[in-house]
Amino acid sequence: MIVEATGLRKSYGAVEVLRGIDLAVKEGSVLALLGPNGAGKTTIVRILTTLTRPDAGVVTIAGYDVVREPTKVRGVISLTGQYAAVDDNQTGRENLVMVGKLMHLGRAAANRRADELLERFDLTAAMNRRAKTYSGGMMRRLDLAMSLVARPRVIFLDEPTTGLDPSSRLTMWDAIGELVRDGTTILLTTQYLEEADRLADRIVLLDDGRITASGTADALKSQVGGERIELYFADDLTARNAFELLGGHTDSQLLNLPSDGSAGHLLHVLDELRDKALTPARVSSHRPTLDDVFLTLTASPPSKTTSPQTSSREGASREGASRESASPENASPENAASESASSQTAVPTA
Ligand SMILES: Nc1ncnc2c1ncn2[C@@H]1O[C@H](COP(=O)(O)OP(=O)(O)O)[C@@H](O)[C@H]1O
Ligand SMILES: [Mg+2]
């Protein structure tokens, strides 16, 4: 394991921000730390990159201890995101060459490396423009390119696509994919389920300073069970009555039930409902998604405010989120999972 953390704890004053975190990242793999705002993602990244000392716990990167051997750790890692090392009065190319010189690469090698990285991150056409004229996505790519001049073995990306428009996000995903093909180990943080699903070999769900689940995207999905059946009722009361009868998770007009995916089970569910005159208006079934995982295993839902492809259901899920957090007795994973209904199915809200 090129990254190993055990028993990490950190408090700021009376606030416990990390409550015992264990992580292990295999060389050449991608780990996503997935969690909502305030979960503790940046604090973990700062500890792993030697910028913050943990109150307790041990971290080694490539065998070096982050507290006792910070200089050695810094020699094998790079950190990008949430701050830019870019000098925006210089051109993209000048920025890259400057980093190469700081790394004592020598002029020729620094130039060569700069051109290689410009090409790779699709910045060649803009390389002679001052960085201040770059778009957000180009800036992010330049920042990433600068962190790669030194060929780090482990790259930390703290919310690499937060705030980017959907097309810049796709370009950034491609850029990260390139690094993965190189065999670079990556630890990234994200609030986006689809980002973790797309980029990561393993996902660690983080909520309120604790790991609530971890594994491959597929393993996490199977933790939530096989299929989900979603029943959409004409009104909240009928949905509530159906929930009393069948269990599962309910949220306004929706009832979300675990299922084995068989037609027999679905028929059985519909028969039971018909016997009680609780016939649903609509039925659908789907394999569990990462949304189901997150909402089943984590008390608070991930932020989706700028996530692509979710805008149509954002309103519903965020409203659900504030309802959940408003009442402490609702804070169990069971109840939080009821939100998956509203975030999963594109149902008419009329
Ligand atoms: N330097 C600090 N001083 C006080 N509180 C902090 C500090 N850094 C982070 N926190 C708090 O720790 C919690 C986790 O923050 P952070 O690690 O930035 O979460 P995330 O990156 O997942 O959004 C938040 O409640 C935040 O307010
Ligand atoms: Mg953060």
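Here goes a summary of the coordinates provided. (Residues numbered from 1 in each chain as written. Chains lettered and ligands numbered in written order. Predicted model: local features only at pLDDT ≥ 70, side-chain atom pairs only at ≥ 80, totals over all residues.)

### Considering the site of ligand 1
Using the following cut-off: In this text, near has one meaning. A residue is near a molecule or strand if its C-beta atom, placed using the backbone, is within 6 Å of it. Secondary structure follows DSSP: runs of H or I at least 4 residues long count as helices, runs of E at least 2 residues long count as strands, and numbering of each begins at the N terminus. Put simply, Ala, Val, Leu, Ile, Met, Phe, Trp, Tyr, Cys and Pro go in the nonpolar bin, Asp, Glu, Lys and Arg in the charged bin, and everything else, Gly too, in the polar bin.
Close to ligand 1 lie Tyr12, Val17, Gly35, Asn37, Gly38, Ala39, Gly40, Lys41, Thr42 and Thr43. Per element, the largest residue contribution to the shell around ligand 1 is three residues, and it comes from helix α1 (residues 41-48). Taken together, the residues that form the shell around ligand 1 break down as three nonpolar, six polar and one charged.

### Digging into the packing of helix α3 (residues 92-102) against helix α4 (residues 107-120)
Where we set the bar: Every angle, taken between N-to-C directions, lies between 0 and 180 degrees, and every axis is a line fitted to C-alpha atoms, over only the stretch in contact when it is a helix. Between 65 and 115 degrees an angle is taken as roughly perpendicular, under 35 as roughly parallel, over 145 as roughly antiparallel, and anywhere else as oblique. With the far helix as reference, a near helix turned anticlockwise by less than a right angle produces a left-handed crossing, and one turned clockwise produces a right-handed crossing. A pair of residues counts as a contact when their C-beta atoms, built from backbone coordinates, are separated by no more than 7 Å.
Two elements in contact, α3 and α4, have axes whose closest approach is 8 Å; the angle formed by their N-to-C orientations is 135°. Put simply, α3 runs oblique to α4. The interaxial crossing formed by α3 with α4 has right-handed handedness. Together, Gly92, Arg93, Leu96, Val97, Gly100 and Lys101 of α3 and Ala109, Ala110, Asn111, Arg113, Ala114, Leu117 and Leu118 of α4 make up the contact between the two elements. Residues that form the contact of α3 with α4 fall into these classes: seven nonpolar, three polar and three charged.

### Side note on the sheet that holds strand β10 (residues 210-215)
Keep this limit in mind: Two strands make a pair as long as DSSP finds a minimum of two bridges between them.
As summarised here, the arrangement of the six strands in space is β6-β7-β8-β3-β9-β10, forming an open sheet in which the pairing is mixed. Lying at the two open borders of the sheet, with one neighbouring strand each, are β6 (77-80) and β10. Geometrically, the sheet is characterised by an average inter-axis angle of 15° between neighbouring strands, direction not taken into account. Bridging between strand β9 (residues 202-207) and β10 involves five bridges; their strand directions are antiparallel. Bridge assignment links leucine 205 to a residue of β10, and that residue is alanine 213. On the sheet, helix α5 (residues 136-148) packs against β6 and β7 (154-158) and is oriented at approximately 165° with respect to β6. Sheet strands touched by helix α6 (residues 166-182): β3 (30-34), β7 and β8 (185-190). Its angle to β8, the strand with the most contacts, is close to 150°.

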